[in-house]
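An overview of the molecular structure
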Amino acid sequence: MTPPSDHTSRSVRLGEVHRWTQTSIPTLREAPAEATTPSHQLLVRGGYIRQVAAGVYSFLPLGLRVLEKISQIVREEMNAAGAAELRMPAFVPIELYAGTKRDEAYGDLLFKLTDRHGRSVALGPTHEETLTDYAKSAVTSYKQLPLTLYQIQTKYRDEFRPRAGLLRGREFVMKDAYSMHTSVEGPGGLNEVYDRLYEAYVRIFERCGLGFTVVEAEAGPIGGSASHEFMVNAATGEDTILICPASGYAANVEKCEIGERPWSIADADAAQPLAEHHTPKMPGIDAVASHLGIEPRGMLKTILFKAGRAGDDPAWVLATVRGDHEVNEGKLRDAVGRSLTLADDAEARAAGFAVGYISPRAATERGCQLVIDPDAATDDAWATGADRVDHHVTGFSWRRDAGVSSASAANLAGVKVADIRNAKAGDPSPKDPASTLEARRGIEVGHIFKLGTIYSEAFDFAILNEQQKKTTVIMGCYGIGVSRTIAASVEQRHDDRGIVWPAPIAPYDVLVVVMDPKKPAHAEAVATITDQLRGAGLDVLVDDRKERPGVKFKDADLIGMPIRLTIGDKALERGMVEFQVRAGSAERQEVPLAAIVEPVLGALGG
Ligand code: ATP
Ligand code: MG
């Protein structure tokens, strides 16, 4: 007897065929009132998800299929990049945070519970600690490195404002990966694996059929451009990204550099006198500016920071930007060359600062560090705080009123002019002097990071290197918001009728709408079609409900499968079925019932 030759059948994945009446797709005419973004509305209306609590959703059968399709793409590309999958529990004993203090850093974002023995437990918002704790016990020699481990798993974050359905949930699915190395450079080093995973991410989001932009993000502790975010382009996105169309440079607001901005403060007398104004009960620059009859850009905004570690004697740092600009903490930190935190109001008041009314004078008079953004370093007669509660001044001159000029800024010990503000559209590009930055909106679906040794140091995760010397392991971490990617796709691809899935992540490739499921001829046609499609590895949903055609077509558009085949009497008499592509405005056409695979594959591939 010859054994059954299953090697051929194993290499072809058979498609799945499901019937609408045997699954649960609770489509709705109206979106729930709290759903305001397209993806939230359409995923609920299309029967993909249902809310259980704020920011907590059930994935219904259709939603779960999308989640699984994205997960599978992620898995294949991570495996191809040399990573191995594992699964860690959501349950994180609070002791694991002892070395990193991230339970404190996360604060209320961390879900915490107490077990019956009074032990404190967190629900993991991410898993650096659990992973490092494990790896420390299992990886002891350089011969085991590099090693990249990942999981696709449920995360918990008690977001202050869960919003937009799957975009910002309190329970969500993330792919988190961690790489371990003995070196940054060279074969097997952090840089090499980081670049490989960067490429894997590009393939993942390309395979998902999404339009996206990779942006430079706030640099990691190693410095350089050690962090990238993957942003799905969508007008409804929460994040602002800036791009230079000429050079292709793209960065998020926290990171984006600004090109050269000329500035100068003359060593000459001011044209306008300094005048003080009573400005009580005016919250914010806009209110003060409008009271003074000027634009916010005519004001100086001075923000107080504290340098050094908590507990140290405070070293005050003042940052001055134009009233319509925002101080960028990362840039300020780089300009000052040490770590900073926003000053505590009460502490600043106790130290004699008129919080809310501070002018740059407060720095020069006390001899504290002052950093001025180039756009604020000009001879204009500025409006600014009066260093006196409820008062502002107009006619402020850098030289006359704070003793700062171009020459002195270069020499005065504590005074410096540097790029310390967030970039915005219209700013000069840092990569091409002839070009300006443009702003776009995006949804962060992935974030990769060169961690360095923060976690390995906290866990004393060290190994013996080739020279038998103990070295601290260098790490990288790599996240993908798997459930957020579902919503991001819908934000990017929908129309007024419903969702338009990219084929690779659609729950089914084809929706077969049967006009009259009871009719033998229709049932036979369903079998003919599904047999062919299944054999070609395509997934098919058959709408076999006893519903009016109008209802079925509306639902078909709403749930958004890439291709719809309609079985109706007229076409069937001619051996044909109606064929329609969901995306674009393609006309309906008829295709032969007996040769359905080719047109379907053609449309899915295109
Ligand atoms: P965000 O800035 O959007 O709050 P994050 O930078 O805190 O996200 P990471 O810690 O980098 O997020 O997590 C990795 C990925 O997990 C993110 O890129 C994002 O796609 C996803 N993610 C983070 N928070 C949520 C959430 N509350 N709901 C859904 N997905 C999330
Ligand atoms: Mg992030």
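For the structure, see preceding data.
Because the structure is a prediction, the values reported are computed rather than measured.

Attention now moves to the overall build of the protein chain. The helix and strand tally for the protein chain stands at 18 helices and 32 strands. Across its three principal axes, the protein chain shows a C-alpha extent of roughly 95 × 65 × 55 Å. Scored against the burial criterion, the 606 residues of the protein chain give a buried share of 51%. A separation threshold of at least 6 residues defines the contact pool for the protein chain, and within that pool the share at least 24 residues apart is 70%. Distance between charge centroids for the protein chain: 4 Å, based on 69 positive and 82 negative side chains.

So, on to the sheet that holds strand E30 (residues 563-567). Pairing is mixed in the open sheet, where six strands are placed in the order E1-E29-E28-E30-E31-E32. Each edge of the open sheet carries a strand with a single partner, namely strand E1 (17-19) and strand E32 (589-592). In this sheet, neighbouring strand axes are inclined to one another by 30° on average, regardless of whether the strands run parallel or antiparallel. Pairing analysis gives four bridges linking strand E31 (residues 576-581) to E32, with the strands arranged antiparallel. Opposite phenylalanine 579, over in E32, you have glutamine 589 as the bridge partner.

As for its placement among the helices and strands, asparagine 328 is situated in the loop between strand E16 (315-322) and helix H8 (329-336). Residue classification places asparagine 328 among the buried positions, given a relative accessible area of 3%. At 3.0 Å, the side chain of asparagine 328 and the backbone nitrogen of glycine 330 are in polar contact.

The next thing to look at is the site of ligand 1. If you check the shell around ligand 1, you find 14 residues, and the closest are Arg157, Glu159, Arg168, Gly169 and Glu444. Between an oxygen atom of ligand 1 and a side-chain N or O atom of arginine 168, the distance comes to 2.8 Å. Relative to its unbound accessible surface of 580 Å², ligand 1 loses 81% to contact with the protein. Taken together, the elements giving at least two residues each to the shell around ligand 1 come down to strand E9 (171-181) and strand E22 (438-452). At four residues, E22 tops the list of elements feeding residues into the shell around ligand 1.

Backbone-to-backbone hydrogen bonds join strands into a sheet, with any given pair of strands oriented parallel or antiparallel. If you trace the three strands from one edge of the open sheet to the other, you get E14-E20-E19, paired in antiparallel fashion. A single partner strand is all that each edge strand has here, and the edge strands are strand E14 (275-278) and strand E19 (382-385). For this sheet, the mean inter-axis angle between neighbouring strands, taken without regard to orientation, is 30°.

On to unusual backbone geometry. Among all residues save glycine, negative phi is the norm, and among peptide bonds the norm is trans. Residue leucine 145 is joined to proline 146 through a cis peptide bond whose omega torsion reads 0°. Although it is not a glycine, aspartate 387 sits at a positive phi angle of roughly 55°. With respect to the secondary-structure elements, aspartate 387 resides in the loop between E19 and strand E20 (391-396). Backbone geometry places aspartate 460, a non-glycine residue, at a positive phi of 50°. For aspartate 460, the location among the structural elements is in the loop between helix H13 (454-458) and strand E23 (462-464). Note on aspartate 460: relative accessible area 47%, which makes it partly exposed.

Here helix H3 (residues 61-80) crosses helix H14 (residues 482-492) at 110°, and the two axes come no closer than 9 Å. As summarised for this structure, H3 and H14 are arranged roughly perpendicular, according to the angle between their axes. H14 is crossed by H3, and the crossing has right-handed handedness. For the pair H3 and H14, contact is made by Gly63, Val66, Leu67, Ile70 and Ser71 and by Val482, Ser483, Thr485 and Ile486, respectively.

Definitions and limits used
Residues numbered from 1 in each chain as written. Chains lettered and ligands numbered in written order. Predicted model: local features only at pLDDT ≥ 70, side-chain atom pairs only at ≥ 80, totals over all residues. Heavy atoms only, no water. Helix = DSSP H or I, 4+ residues; strand = E, 2+ residues; numbered from the N terminus. Buried < 20%, exposed > 50% of the residue type's maximum accessible area, 1.4 Å probe, protein only. Contact = heavy atoms within 4.5 Å. Lys, Arg positive; Asp, Glu negative; His and termini not counted. Charge placed at Lys NZ, Arg CZ, Asp CG, Glu CD. Pairing = 2+ DSSP bridges. Axes fitted to C-alpha atoms, helices over the stretch in contact; angles between N-to-C directions. Polar contact = N/O pair within 3.5 Å; in protein donor to acceptor, adjacent residues only side chain to side chain. Near = heavy atom within 4 Å. Areas by Shrake-Rupley, 256 points an atom, 1.4 Å probe, with all protein chains shown as cover. Parallel < 35°, antiparallel > 145°, perpendicular 65-115°, else oblique. Left-handed = near helix turned anticlockwise from the far one by under 90°.

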